[in-house]
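Residue-level structural notes
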Amino acid sequence: MATILFDQAGHRCIAFSDLVRGDDGVQANQFLVQHGSQSALLDPGGALLYNPLILAIGAYVAPTDVTWLLCSHQDPDIIGSVDKWLLYTNTTVVCSKLWGRFVPHVVPGYLRNAGSDRYLLLPDEGGRIPMGDSHIRALPAHFMHSVGNFSFFDPVSRILFSGDVGASMVPSQTPYTFVADFDAHVQRMEGFHRRYMASNRVTRLWVQMVRDLQPAMIVPQHGLPMKGETMERFLDWLSRLECGVDLVGPMDYRL
């Protein structure tokens, strides 16, 4: 079931959180942003989700008319279905220039109309993806957890689509509601963030950037969204988190 996160004056943001069936794969959220006749689909997922997502977004936009396919990074649960989107739609794929050379490896060589003109490759500093008289901002989130990683900020709704940052491991079919109890919720985030975020230095820099933006909510690609006091507690927690190389000890090469 879709969740409307924002809907005002021709601008709409929708979350799809229940398309992964049972234990078929890691729970993942997909997001649709519409502004007038323009639309952006964020982190569309792999082949597992292509058909369910096509059916889900059809209530809001014809899949062939999706303007942008925004990909925060290169994982299969992000870009695994990109070949189908290139084949069946006219969308443009947006991703880091670091991954622009690799994404075509999941696209069959016989597929026509899948050349460089179907990609918008982002520099490390990010950029703006036009949406009619508005835009979506691509914000650098490198090494969180990918070397070429972006968060996406919608200035109209002030929603930060954070990708894997803030991800939580929740049971399948968990209701998609805003986190109310951060102390209980952090247990669903801690293991993932300690392993997948590169270091406290990058988490602190990201938190500083996000606080300057003053988002209304943070919605990760996995798990539940956050706003208000819970969102502030998450940013405090992430800014202090020891993770990645901070935790690496001596290597033992002996087997």
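Reading the values: rules and limits
Residues numbered from 1 in each chain as written. Predicted model: local features only at pLDDT ≥ 70, side-chain atom pairs only at ≥ 80, totals over all residues. Heavy atoms only, no water. Pairing = 2+ DSSP bridges. Helix = DSSP H or I, 4+ residues; strand = E, 2+ residues; numbered from the N terminus. Contact = heavy atoms within 4.5 Å. Axes fitted to C-alpha atoms, helices over the stretch in contact; angles between N-to-C directions. Buried < 20%, exposed > 50% of the residue type's maximum accessible area, 1.4 Å probe, protein only.

The next thing to look at is the sheet that holds strand β11 (residues 159-163). The sheet built from six strands is open, its strands ordered β8-β9-β10-β11-β12-β13 with mixed pairing. Each edge of the open sheet carries a strand with a single partner, namely β8 (127-131) and β13 (226-227). Sheet topology note: the strand β9 (residues 134-140)/strand β10 (residues 150-154) ladder contains four bridges and is antiparallel. Opposite proline 140, over in β10, you have phenylalanine 150 as the bridge partner. The sheet strands contacting helix α6 (residues 200-213) are β9, β10, β11 and β12 (217-220), and the helix crosses β9 at an angle near 155 degrees.

Looking along a regular strand, one sees the side chains alternate between the two faces of the sheet. Here β12 shows no split at all, with Met217 and Val219 on one side and Ile218 and Pro220 on the other all buried. Sheet topology places β11 next to β12; four bridges connect them, and they run parallel. Its bridge partner lying in β12, glycine 163 is registered against proline 220. With two bridges connecting them, β12 and β13 associate as antiparallel partners. Among the inter-strand pairings, methionine 217 is bridged to a residue of β13, identified as lysine 227. Two successive antiparallel strands, β12 and β13, enclose a turn made up of five residues, where glycine 223 displays a positive phi of approximately 85 degrees.

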